[in-house]
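The chain contents come next:
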Amino acid sequence: MLSHPPIIRPALILFVILSIITGIIYPLAITGIAQVAFADKANGSIITDAGSGNGGKPSGSSLIGQEFGTSDPAAAPALAKWFWGRPSATSPVPYTALNLDKGTGSSGSNLAQTNPALLDNIKARLAALDAADASVGIVRTITAPGATDSTPAQRITAVPVDLVTSSASGLDPHISPAAAEYQVPRIAKARGLTEDALRALVHQHTQGRAFGLLGEPVVNVLALNQALGNISR
Amino acid sequence: MNGPLQLMISLAVLLALVKPLGWFMARVLEGQTGDAPLGLGRTFGWLERIIYALCGVRMNVERRPVEMGWEPYTVGILLFNAIGFVAVYALQRLQGALPANPAGLGPVEAGSAFNTAVSFVTNTNWQGYGGETTMSYLTQMLGLGVQNFLSAATGIAVLAALIRGLARRSSATIGNCWADLTRVTLYILLPLSAVLAIALVSQGVVQSFRGPQTVVLTVPLSYDEPVMKTDAAGNVVSDTEGKPVPLTGPDGKPVTKLVAVTTQTIPLGPAASQIAIKQLGTNGGGFFNVNSAHPLENPTALSNFLQVLAILLIPAALCWTFGEMVRDRRQGWAVLAAMLVIFVPLLAATYAFESRGTPAIAALGVDTMAGTAGPGGNMEGKEARFGIADSALWAAATTAASNGSVNAMHDSFTPLGGLIPMWLMQLGEVVFGGVGSGLYGMLMFVIVSVFVAGLMVGRTPEYLGKKIDPFEMKMAAIVVLVPCALVLVGTAVAVALPEGWGGRAGVSNPGPHAFSQILYAFSSAGNNNGSAFAGLSANTPFYNLALGLAMWFSRFWIIVPVLAVAGSMAGKKITPATSGTLPTHTPVFVGMLVAVVIIVGALTFVPALALGPVAEHLQLSAPAR
């Protein structure tokens with residue numbers, strides 16, 4: 001009859017060996033392969049905007065969005081010439097990918113569908129979009145005769161839902177093609193471009209579904225705006 | 001039309017991989033030392049032998065590790081996991097003084113470190129912290145990353161022991177736990193993770209040891225920051241709770257200063273290697289705060305497809321492994337069929353609820369109808385590149401399997417769209433479930449079903465030719481009931497505690513949804529899932545402790561009875577099937593199994609769900625006040 005098998009020594013040594021293999025060798029090996037085969041992507045897909053005039057410094061990551069819009073109607077006219085991305089719930093400013101001083105980074109709003117704050121956020125964003133449009137003479141709402149303050153104005157064109165709801169990460173680099181199209185008339189007027197020229201630019205920065213099937217078609221807002229900045233100041 | 005098509009393709013690819021991977025895993029779990037298919041034995045066999053030699057694993061005359069009875073096997077597994085807990089806790093507390101910390105992060109607070117250590121050792125990966133702002137690269141790799149592997153290996157090892165117990169006749173042993181842990185890690189988890197990690201990097205997931213990168217914003221931003229009160233010496237004045245006191249001007253309003261923001265800081269890190277095993281091992285703990293919603297953790301529709309596939313891959317394929325190891329593949333198909341019968345309708349329902357969106361938002365003039373150029377539906381807390389279909393698929397998959405990673409914020413789902421992920425967890429994480437743990441949980445439900453069916457037709461309950469005795473029934477009942485008790489008692493305690501204890505303090509939404517947030521947290525912890533209604537501020541003493549305990553008991557109070565069943569079944573004789581034997585591979589039995597799982601889950605949780613998501617749904621469709 002065998003005595004009890006040893007337990008403590010195998011448990012300790014196996015833990016140490018498997019920790020070294022899975023916790024050090026494995027990530028280092030993957031990093032090595034990644035840095036050789038996909039150096040750009042492994043390091044955050046950093047892009048440099050040649051025309052930005054900031055001395056060739058990195059101007060963003062093609063995977064991380066930046067704030068171009070606002071939910072403040074007073075600030076909206078100044079931003080009318082940019083394509084706006086998704087609203088972002090990060091703090092202290094939208095699209096904060098990392099702020100070590102404040103300990104903040106990627107974040108969604110986590111507002112429930114029944115939370116009145118969600119409706120308030122959406123209303124503020126709609127008001128800001130309308131203010132940006134109004135600043136270049138585009139009217140998006142009609143007020144029915146006899147309407148009071150409590151009955152909302154009627155919208156002529158419905159606003160694509162992704163343009164008024166905050167993303168899961170707060171860093172979403174994309175909007176839907178519908179959300180880009182909604183903004184084309186405003187930006188064309190603000191920049192003195194034709195709508196067709198602008199649509200062609202949007203089209204260049206639109207990615208379809210992977211294999212025509214997976215995911216959703218999207219427009220990269222940062223890339224589109226940087227291209228826009230380069231053709232019209 | 002595209003949405004349903006995407007869901008069907010994902011399921012089809014998953015089912016196509018069940019057989020080859022299931023066969024492969026059976027070969028690994030039954031193989032000799034240094035022997036594994038696809039040339040892996042030839043490549044890594046030497047390593048396996050060295051590990052056994054260093055650990056002092058006893059070998060028999062055939063040069064195989066000496067097998068263990070269920071008691072030493074259990075003690076070994078528990079001790080191995082306890083060591084893991086100590087290691088993860090220590091790494092977090094000491095990270096400030098350790099290397100691979102380019103962001104210079106300090107030690108993690110003790111309560112949070114306890115919670116996180118339990119969370120990763122139990123394969124839950126509940127996260128009370130934000131990864132990019134809390135954990136150094138070393139803690140992520142050597143603490144959390146290691147447990148991603150070892151907790152998954154633990155689950156598969158326990159399952160392997162249970163299957164051997166069912167398959168063997170009159171045997172005193174159920175395998176060698178050191179060999180199972182080693183072989184699962186070396187031959188199953190590491191190769192699959194390496195392949196997936198490289199594929200993810202090719203899509204843009206970061207894998208780097210550089211510190212955060214600073215980039216210049218195209219449009220500079222600014223914000224108003226409240227100014228804090230300082231005393232004469234220039235130190236910030238704190239109130240009784242230690243929070244800084246804001247400075248107020250003569251008019252009584254808080255004083256603010258305008259802060260300009262001209263740059264953005266992009267976090268990096270060895271993420272891809274960890275995300276691969278996070279999905280394959282049904283761990284789910286994200287590298288970044290928002291998990292797989294983060295564009296650097298899940299950048300494209302293809303990376304999303306691969307990650308969702310990886311969530312379900314091993315749990316589904318283990319069903320085939322089970323059939324293979326008990327030498328009756330029909331038994332494996334029957335269990336997989338039962339899982340699919342529950343999963344597919346719930347997935348379809350989540351998709352339908354999220355596609356519909358919320359009437360109050362549509363009433364503002366927002367386009368919530370899906371079209372060719374816009375996603376429609378409920379897009380709050382969802383990423384544009386995933387839209388509704390991929391977010392719904394992920395939500396169902398991550399809660400059916402006990403993964404818990406997210407690519408959308410479940411807190412912002414519609415009430416009924418959020419009810420389904422919650423209920424999938426409450427079913428006990430047996431619909432796919434965790435790697436290993438899902439199937440061993442389901443096999444306990446099989447024992448209960450066989451017993452119930454035996455009572456109905458008046459026969460002695462048998463499974464795979466073995467008699468089910470009161471001992472197995474007791475153990476199965478413990479496995480079924482422990483998570484239910486943890487969820488309901490935990491939630492009840494949290495909402496019943498007086499103000500100031502912190503149970504109700506963390507909720508971020510009003511009304512029934514606040515209750516849903518607490519119920520979701522305990523459903524997740526009590527079933528080792530790890531996903532959250534993330535608005536709940538769970539990094540508090542109360543939640544760190546309560547959820548930590550729930551995770552610990554739900555993992556190990558199940559593993560022990562499961563291994564006890566393995567030991568007891570291994571010792572039994574196999575009686576030949578007769579015309580009176582209840583077959584356990586037929587559609588009738590699959591229906592029986594599904595019914596038992598659903599009835600237990602419904603009877604236990606419908607009252608609680610009525611107070612949370614159902615009440616919230618009624619509130620949603622009520623006219624605005």
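Residues numbered from 1 in each chain as written. Chains lettered and ligands numbered in written order. Predicted model: local features only at pLDDT ≥ 70, side-chain atom pairs only at ≥ 80, totals over all residues. Heavy atoms only, no water.

To continue, consider the overall build of chain A. The helix and strand inventory of chain A stands at 6 helices and 10 strands. Taken over 233 residues, chain A has a buried fraction of 53%. Intrachain contacts of chain A at a sequence separation of at least 6 include 60% that bridge at least 24 residues. Taken together, the 16 basic and 15 acidic charged side chains of chain A have centroids lying 5 Å from each other. (Helix = DSSP H or I, 4+ residues; strand = E, 2+ residues; numbered from the N terminus. Buried < 20%, exposed > 50% of the residue type's maximum accessible area, 1.4 Å probe, protein only. Contact = heavy atoms within 4.5 Å. Lys, Arg positive; Asp, Glu negative; His and termini not counted. Charge placed at Lys NZ, Arg CZ, Asp CG, Glu CD.)

Before going further, it helps to examine the packing of aromatic side chains. Applying the stated rule across the entire model yields 15 aromatic pairs over all chains. Ring centres of F287 of chain B and F288 of chain B lie 5.2 Å apart, and the angle between their planes is 75 degrees; this geometry places the pair in the edge-to-face category. Neither residue differs from the other here; F287 of chain B and F288 of chain B are each classed as buried. When the ring of F343 of chain B is compared with that of F432 of chain B, the centres are 5.4 Å apart and the planes differ by 85 degrees; the resulting orientation is edge-to-face. Pair noted here: F343 of chain B is in helix α10 (residues 329-356) and F432 of chain B is in the loop between α13 (415-426) and α14 (437-457), with a separation of 89 residues, a long-range link. The class for F343 of chain B is buried, based on a relative accessible area of 0%. For F432 of chain B, a relative accessible area of 1% corresponds to the buried category. Aromatic ring contacts, followed pair by pair, group F85, Y89, F114, W552 and F556 of chain B into a single cluster. Here the guanidinium or amino end of R140 of chain A rests over the ring plane of Y182 of chain A, the centre of that ring lying 3.9 Å away. The ring of W82 of chain A has R191 of chain A sitting right over it, with the charged end atom 4.7 Å from the ring centre. (Phe/Tyr/Trp six-rings, centres within 6.5 Å; stacked < 30°, edge-to-face > 60°. Lys NZ or Arg CZ within 6 Å of the ring centre and 35° of its normal.)

Residue and element names in this part refer to chain A. Here we have 3 strands laid out as an open sheet, ordered β8-β10-β9, and antiparallel in their pairing. Sheet topology places β8 (174-175) and β9 (206-207) at the edges, where each strand pairs with a single neighbour. One ladder, built from 2 bridges, connects β8 with strand β10 (residues 218-220); its direction is antiparallel. Looking at β10, one finds that I175 is bridged to V219. Sheet strands in contact with helix α6 (residues 221-231) are β8 and β10, and its direction is about 50 degrees off that of β10. (Pairing = 2+ DSSP bridges. Axes fitted to C-alpha atoms, helices over the stretch in contact; angles between N-to-C directions.)

Attention now moves to the pattern of salt bridges. With the rule as written, the count across this model stands at 25 salt bridges over all chains. Across the pair R209 of chain A and E216 of chain A runs a salt bridge, and its minimum N-O distance is 3.3 Å. Taking the relative accessible area as the measure of exposure, E216 of chain A reaches 14% and is therefore buried. Connected via shared salt-bridge partners are R27, E30, E324, R327 and R329 of chain B. (Salt bridge = Lys/Arg side-chain N within 4 Å of Asp/Glu carboxyl O.)

Moving on, we come to unusual backbone geometry. Between S91 of chain A and the following residue, P92 of chain A, the backbone shows a cis peptide bond with an omega angle of 0 degrees. On the secondary structure map, P92 of chain A appears in the loop between β2 (60-61) and β3 (98-99). Even without being glycine, A100 of chain B reaches a positive phi, approximately 55 degrees. Here A100 of chain B shows up in the loop between α3 (70-94) and α4 (110-121).

The subject of this paragraph is the domain arrangement of chain A. As assigned here, chain A comprises domain 1 (10-35) and domain 2 (68-144 + 154-231). Computed from C-alpha atoms alone, the centre-to-centre distance between domain 1 of chain A and domain 2 of chain A is 43 Å. (Domains from an automatic or database assignment.)

The subject of this paragraph is the packing of α14 of chain B against helix α18 (residues 587-621) of chain B. Residue and element names in this part refer to chain B. Running from N to C, α14 and α18 point in directions that differ by 110 degrees, and their axes come no closer than 9 Å. Taken together, the axes of α14 and α18 are roughly perpendicular relative to one another. Here M442, F445, V446, V448, S449, V450, V452, A453 and M456 of α14 lie close against α18, whose contacting residues are F589, M592, L593, V596, V597 and V600. Per-class residue counts for the contact of α14 with α18 are 14 nonpolar, 1 polar and no charged. (Parallel < 35°, antiparallel > 145°, perpendicular 65-115°, else oblique. Nonpolar A, V, L, I, M, F, W, Y, C, P; charged D, E, K, R; others polar.)

Below, the discussion takes up helix α1 (residues 8-37) of chain A. Between its terminal C-alpha atoms α1 of chain A stretches 42 Å, which fits the 44 Å expected from 30 residues at 1.5 Å a residue. Of all bends in α1 of chain A, the biggest is about 30 degrees, found at I25 of chain A, and the proline P27 of chain A comes one to four residues later. (Expected span 1.5 Å × (residues − 1). Bend = angle between axes of the 7 residues up to and from the residue.)

The next subject is the confidence of the model for chain B. Detailed reading of the predicted coordinates is not advisable wherever pLDDT falls low. Per-residue confidence for chain B gives a mean pLDDT of 92, with 99% of residues at or over 70. On the interface metric, ipTM, the complex scores 0.94, and its pTM is 0.94. (pLDDT = per-residue confidence, 0-100.)

A few words on the environment of L189 of chain B. Residue and element names in this part refer to chain B. Counting through the fold element by element, L189 comes out in helix α7 (residues 177-203). Once the C-alpha coordinates of L189 and A153 are considered, the two residues, 36 residues apart in sequence, prove to be 7.8 Å apart. Among residues more than four places away in sequence, those in contact with L189 are F149, A152, A153, I156, V184, I277 and I314.

What follows is about the interface of chain B and chain A. Often, the extent of an interface is quoted as the loss of accessible area on bringing the components together. Each partner contributes to the interface: chain B provides 124 residues, whereas chain A provides 111 residues. Interface area lost by chain B to chain A is led by R58, L364 and E380 of chain B, which between them contribute 7%. Applying the counting rule to chain B against chain A returns 2 salt bridges. When the shortest N-O distance is used, the salt bridge between K102 of chain A and E225 of chain B registers 2.4 Å. Where chain B touches chain A, the interface holds 44 residue pairs in polar contact (both at pLDDT 80 or more). With 13 residues, the top contributor of residues to the side of chain B that touches chain A is α7 of chain B. Residues belonging to the side of chain B that touches chain A are distributed by class as follows: 70 nonpolar, 42 polar and 12 charged. (Buried area = accessible area lost by both parts, 1.4 Å probe. Polar contact = N/O pair within 3.5 Å; in protein donor to acceptor, adjacent residues only side chain to side chain.)

All right, on to the side chain of S167 of chain A then. Considering the arrangement of structural elements, one finds S167 of chain A in the loop between β7 (159-160) and β8. Within the structure, S167 of chain A has its side chain in polar contact with the backbone nitrogen of G170 of chain A (distance 3.0 Å). In this structure S167 of chain A touches R86, P87, S107, G108 and D172 of chain A together with G381, K382 and E383 of chain B, once residues within four positions along its chain are discounted.

Together, V16, I20, I24, I25 and L28 of chain A make up an exposed nonpolar region whose accessible area comes to about 400 Å². With respect to the helices, strands and loops of the structure, I24 of chain A is situated in helix α1. (Patch = residues over 30% accessible without salt bridge, like charges linked within 9 Å, V, L, I, M, F, W, Y side chains within 5 Å. Areas by Shrake-Rupley, 256 points an atom, 1.4 Å probe, with all protein chains shown as cover.)

Moving on to α14 of chain B. Residues and elements named next belong to chain B. If you check α14, its first and last C-alpha atoms are 30 Å apart, about what 21 residues at 1.5 Å a residue would give, namely 30 Å. With 16 of its 21 residues buried, α14 lies for the most part within the structure. One or two steps after α14, the chain reaches G458, where phi turns positive at roughly 70 degrees.

This part is about the side chain of H205 of chain A. All names here are of chain A. Considering the arrangement of structural elements, one finds H205 in the loop between α5 (195-204) and β9. For H205, a relative accessible area of 18% corresponds to the buried category. Looking at H205, its side chain comes within polar contact range of the main-chain oxygen of L201, at 3.1 Å.

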